[in-house]
Amino acid sequence: MRPLLTASINWLRAAARPDAGRRACLGVALAAAVLTAGCGSRPEEGFLAPVAEIDSGATPHTLLVATTRKRDDRPGTLFNGERSTPLDFAKIVVSVPDKHTEGEVEWASSPPGNPKTDFVVRQAGYLESEKAFVSTLNAQLAAKPKGKRNIFLFIHGYNTMFAEGLYRFAQLVHDLRAEGVPVLFTWASRGQLTQYVYDTNSATAARDDLERTIRLLFASNADQINILAHSMGNWVTVEALRQVRISGGLPQASKLGHVVLAAPDIDIDVFKSQMRRFGKPVKPFFIVLSKDDKALGASNFLAGGRGRLGADSDPEELAALGAVVIDMTEVKGLDSSNHGKFAQLAAVAPKLTAVLESGVARQHPSASAQEIASGSLEAIVKLPITIIGAPFRLLGGV
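Residues numbered from 1 in each chain as written. Predicted model: local features only at pLDDT ≥ 70, side-chain atom pairs only at ≥ 80, totals over all residues. Heavy atoms only, no water.

**Student:** Explanation requested: the environment of arginine 168 in the structure shown.
**Tutor:** With respect to the helices, strands and loops of the structure, arginine 168 is situated in helix 4 (residues 162-176). A sequence separation of 12 residues divides arginine 168 from histidine 156, and the C-alpha atoms of the two residues are 8.8 Å apart. (Helix = DSSP H or I, 4+ residues; strand = E, 2+ residues; numbered from the N terminus.)

Written out as structure tokens, the structure reads:
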């Protein structure tokens, strides 16, 4: 995700006004800092064409897709950035090359790519109905052992083309060694810097469809549903969860596992309002933030100086709402905007899991066995600031 190009033009115009002063200069600086990350080609067309060659060293991952995007007739493209109703579905097998670097997506220099060196698609096809989607999902779940029939739901952020969201999710699934069935919810982002307002409206318009997708997942044969959202995707995710709660909740709400909000581009006051209506969750929401996130710095400027949840939040205040902070400020980002650090979480995932499942008992012997086993909010938020393998920090309140 990168900030709006036209915003920098507006800031330049504002700088010419007598009352603009320091704020306009700051805006231009922020825009320049993150726009440089947006250079280079984008995978707009053809990068999802199935390759004929299969590399035996590469690892395939089957991803299911629920989307509000319009189908695209161009070969190897599948969906574009225009909005469409009702929900559409697809099943895609993505291949990750043998010599893959954690946190990275090895993009092909030209479509469809080389399976020995690039992320490529092995198989791709539309699922023609909601019923077909659920049937395919349950078949994927049935292939897993009982007790491990989980779902991993991912919601991408602003300025994301379909292929970008798909391959980023495949990278996360691969690096995290995620055991659950991967489901991508992809809303109609145009994947253009100048379409920030369009993307914001597309995310908002997708709330009902994400709620519907969540209900389908909970009604499936899954044992647990874990959710990861990035950037603007957090807005539609928290809104959809809020709608679920307002409308009476879910029949099998106990299936909800971890909810991870990575670099959330949400006004802090808005998030507080959402969480007050949602109520304190049984298990905490994990907020992945970085104080050097330049993209959220620009978003903060656009929002009139109101803080963004993913940039700099008070751990104790968030703990009171039902959230735990994972601070990645000291992590060296792989992108110049420091907005995609969440993709590097694989490096700390085992230690994080150990802290949540074992560390609670050691530091708080008064916590009940049930609290420790479930990783419940009451047990976790009592943790002091915990180093889980510098430069990652888990901030659970005191």
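**Student:** Can you walk me through the pattern of salt bridges in this structure?
**Tutor:** Any two side chains of opposite charge can pair, so long as their charged atoms come close to each other. Across all of its chains, the model carries 12 salt bridges by this definition. Here glutamate 45 ties to arginine 74 by a salt bridge, and the two come within 3.6 Å at their closest N and O atoms. One end of the pair, glutamate 45, is in the loop between helix 2 (21-35) and strand 1 (59-72); the other, arginine 74, is in the loop between strand 1 and strand 2 (78-96), and 29 residues separate them in sequence. For glutamate 45, a relative accessible area of 40% puts it in the partly exposed group. A salt bridge links arginine 212 to glutamate 130; its shortest N-O distance comes to 2.6 Å. Placement of arginine 212 in helix 6 (residues 207-219) and of glutamate 130 in helix 3 (residues 130-142) is noted, with a sequence separation of 82 residues between them. When its relative accessible area of 31% is taken as the criterion, glutamate 130 is described as partly exposed. Overlapping salt bridges, with partners in common, bring together Glu44, Glu45, Asp72 and Arg74 in one network. (Salt bridge = Lys/Arg side-chain N within 4 Å of Asp/Glu carboxyl O. Buried < 20%, exposed > 50% of the residue type's maximum accessible area, 1.4 Å probe, protein only.)

**Student:** Would you mind going over the nonpolar core with me for this structure?
**Tutor:** In summary, soluble globular proteins display a tendency toward joint burial of nonpolar side chains. Among the nonpolar cores identified, the biggest contains 49 residues, and Leu153, Ile155, Phe185 and Phe271 are the most heavily contacted of them. Grouped together as the second largest cluster of nonpolar side chains are 32 residues, Val94, Phe152, Ala163 and Val331 included. (Core = buried A, V, L, I, M, F, W, Y, C linked by side-chain atoms within 4.5 Å.)

**Student:** I keep staring at the packing of helix 5 (residues 196-205) against helix 6 and nothing clicks. Help me out?
**Tutor:** A pair of packed helices can be characterised by two numbers: the angle between their axes and the separation between those axes. It is the contact of helix 5 with helix 6, at a shortest axis distance of 4 Å, that shows an interaxial angle of 40 degrees. Compared by their axis directions, helix 5 and helix 6 come out oblique. Side by side, helix 5 and helix 6 meet where Ala203, Thr204 and Ala205 of the first sit next to Arg207, Asp208 and Asp209 of the second. Of the residues in the contact of helix 5 with helix 6, the class split is two nonpolar, one polar and three charged. (Axes fitted to C-alpha atoms, helices over the stretch in contact; angles between N-to-C directions. Parallel < 35°, antiparallel > 145°, perpendicular 65-115°, else oblique. Contact = heavy atoms within 4.5 Å. Nonpolar A, V, L, I, M, F, W, Y, C, P; charged D, E, K, R; others polar.)

**Student:** Explain the packing of helix 7 (residues 233-246) against helix 8 (residues 268-278) here, please?
**Tutor:** The N-to-C vectors of helix 7 and helix 8 enclose an angle of 25 degrees; their axes lie 9 Å apart at closest approach. Taken together, the axes of helix 7 and helix 8 lie roughly parallel to each other. Crossing hand, helix 7 versus helix 8: left-handed. Of the residues in helix 8, those in contact with Trp235, Val238, Glu239, Leu241, Arg242, Arg245 and Ile246 of helix 7 are Val270, Phe271, Gln274, Arg277 and Phe278. Its residues assigned to classes, the contact of helix 7 with helix 8 shows seven nonpolar, one polar and four charged. (Left-handed = near helix turned anticlockwise from the far one by under 90°.)

**Student:** Which parts of the structure should I look at to understand the side chain of histidine 61?
**Tutor:** Examined against the element boundaries, histidine 61 turns out to sit in strand 1. Within the structure, histidine 61 has its side chain in polar contact with the side chain of histidine 174 (distance 2.9 Å). When sequence neighbours within four positions are dropped, the list of residues in contact with histidine 61 reads Ile92, Val93, Val94, Val96, Val173 and His174. (Polar contact = N/O pair within 3.5 Å; in protein donor to acceptor, adjacent residues only side chain to side chain.)

**Student:** Hey, could you run me through the packing of aromatic side chains in this one?
**Tutor:** Two measures describe an aromatic ring pair: the distance that separates the ring centres and the angle between the ring planes. Considering all chains together, one arrives at 10 aromatic pairs under this definition. Seen in terms of ring centroids, phenylalanine 47 and tryptophan 107 are 6.4 Å apart; in terms of plane orientation they differ by 85 degrees. Their pairing is edge-to-face. In this pair, phenylalanine 47 sits in the loop between helix 2 and strand 1 while tryptophan 107 sits in the loop between strand 2 and strand 3 (120-127), placing the two residues 60 residues apart along the sequence. Judged by relative accessible area, which is 10%, phenylalanine 47 ranks as buried. Residue tryptophan 107 is classed as partly exposed on the basis of its relative accessible area of 32%. When the centroid spacing of 5.1 Å and the interplanar angle of 50 degrees are considered together, the rings of tryptophan 107 and tyrosine 167 count as tilted. Note that tryptophan 107 is positioned in the loop between strand 2 and strand 3 and tyrosine 167 in helix 4, a separation of 60 residues in sequence. Its relative accessible area of 1% is what places tyrosine 167 among the buried residues. Above the ring of tyrosine 198, the side-chain terminus of arginine 83 is found at 4.2 Å from the ring centroid. One cation-aromatic arrangement involves arginine 245 over phenylalanine 278; the distance from NZ or CZ to the ring centre is 4.3 Å. (Phe/Tyr/Trp six-rings, centres within 6.5 Å; stacked < 30°, edge-to-face > 60°. Lys NZ or Arg CZ within 6 Å of the ring centre and 35° of its normal.)

**Student:** What am I meant to see in unusual backbone geometry here?
**Tutor:** Only a minority of non-glycine residues have a phi that is not negative, and only a minority of peptide bonds are not trans. Residue proline 86 follows threonine 85 across a cis peptide bond; omega there is -5 degrees. Within the secondary structure layout, proline 86 lies in strand 2. In this structure, the amide linkage connecting proline 111 to the following residue, proline 112, adopts the cis form with an omega of 0 degrees. Topologically, proline 112 is positioned in the loop between strand 2 and strand 3. The backbone of leucine 78 shows a phi angle near 70 degrees, a positive value even though the residue is not glycine. Overall, the relative accessible area of 13% leaves leucine 78 in the buried class.

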